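Here's the letter readout for the chains.
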Amino acid sequence: MEGTNLLITRETDYALRILRALAAGEQLTSGEICQREILPQNFAYKILKKLNKAGIVHIARGAEGGCRLIADLKELSLYDLMGIIETKKAISSCMEDGYNCTWRQKFGAKCNVHGNLTKIQRVLDDQLKSYSIYKILFQDNGD
């Protein structure tokens, strides 16, 4: 579908796969992770750096180097992961901080679109927060 905007980007999908590869607790090189999860090496390393900066994984350099999971996947929600990996999670640009609504400026009235999208955003955020990464990766959903 042309021009499709995804709520969960390819980068977050790859982050989930990286965390799945590291979930057993072993230290793996980025190459090993990419091979196990069929990920492009340059993209995976960029994601690993974000996960490292957020304290989710530890990256050790050198001959004995590699990546190791240091966070509890039961405590990390999909909402949290999306915040680490992606720059924004809003369903509409009018939900972003500092958005300048030209409609509200022109008409000087409350915008029902914004109000209803805000309600939807809250429900969506609550759902994203309710799913731990562990649950997404390892619990059977019955399908």
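The structure under discussion appears in the preceding block.
Please read all numbers here as calculations on a predicted model, not as lab measurements. (Residues numbered from 1 in each chain as written. Predicted model: local features only at pLDDT ≥ 70, side-chain atom pairs only at ≥ 80, totals over all residues. Heavy atoms only, no water.)

Novice: What am I meant to see in the overall build of the protein here?
Specialist: On a plain count of helices and strands, the protein comes out with seven helices and two strands. Reading the protein from its N end, one meets helices and strands in the order α-α-α-β-β-α-α-α-α. Expected size for 143 residues packed as a compact globule is a radius of gyration near 15 Å; at 18 Å, the protein overshoots this value by more than 25%. Each principal axis of the C-alpha atoms in the protein carries an extent, and together these give about 65 × 35 × 30 Å. Taking all 143 residues of the protein together, the buried fraction comes to 33%. When contacts within the protein are restricted to residue pairs at least 6 apart in sequence, long-range pairs at least 24 apart make up 62% of them. When the accessible surface of the protein is split by element, carbon and sulfur atoms take 48% of a total near 9,400 Å². (Helix = DSSP H or I, 4+ residues; strand = E, 2+ residues; numbered from the N terminus. Rg over C-alpha atoms; globule rule 2.2 N^0.38 Å. Buried < 20%, exposed > 50% of the residue type's maximum accessible area, 1.4 Å probe, protein only. Contact = heavy atoms within 4.5 Å. Areas by Shrake-Rupley, 256 points an atom, 1.4 Å probe, with all protein chains shown as cover.)

Novice: Could you clarify how one ought to interpret the nonpolar core in this entry?
Specialist: As a rule of thumb, nonpolar side chains are buried together in soluble globular proteins. Membership of the largest hydrophobic core comes to 30 residues, with the highest contact counts inside it found for Ile18, Leu19, Leu22, Ile33, Leu51, Val57 and Ile133. Elements represented by at least two residues in this core include exactly α1 (10-22), α2 (30-37), α3 (41-53), β1 (57-60), β2 (66-69), α4 (78-85) and α7 (133-138). (Core = buried A, V, L, I, M, F, W, Y, C linked by side-chain atoms within 4.5 Å.)

Novice: When you look at the packing of α1 against α4 in this model, what are you seeing that I'm missing?
Specialist: How two helices sit against one another is set out by the angle between their axes and by the gap between those axes. At a minimum axis separation of 10 Å, α1 and α4 run at an interaxial angle of 115°. Here the hand of the crossing between α1 and α4 comes out right-handed. Every residue of α4 that contacts α1 at Glu11, Thr12, Ala15, Leu16 and Leu19 is listed here: Leu78, Leu81, Met82 and Ile85. When its residues are assigned to classes, the contact of α1 with α4 shows seven nonpolar, one polar and one charged. (Axes fitted to C-alpha atoms, helices over the stretch in contact; angles between N-to-C directions. Left-handed = near helix turned anticlockwise from the far one by under 90°. Nonpolar A, V, L, I, M, F, W, Y, C, P; charged D, E, K, R; others polar.)

Novice: Help me out: how do you make sense of the pairing of β2 in this one?
Specialist: Each regular strand carries side chains that alternate between the two faces of the sheet. With four bridges connecting them, β1 and β2 associate as antiparallel partners. Within the sheet, the bridge partner assigned to Ala60 lies in β2 and is Gly66. The antiparallel hairpin formed by β1 and β2 contains five residues in its connecting segment, where Gly62 sits at a positive phi of about 100°. (Pairing = 2+ DSSP bridges.)

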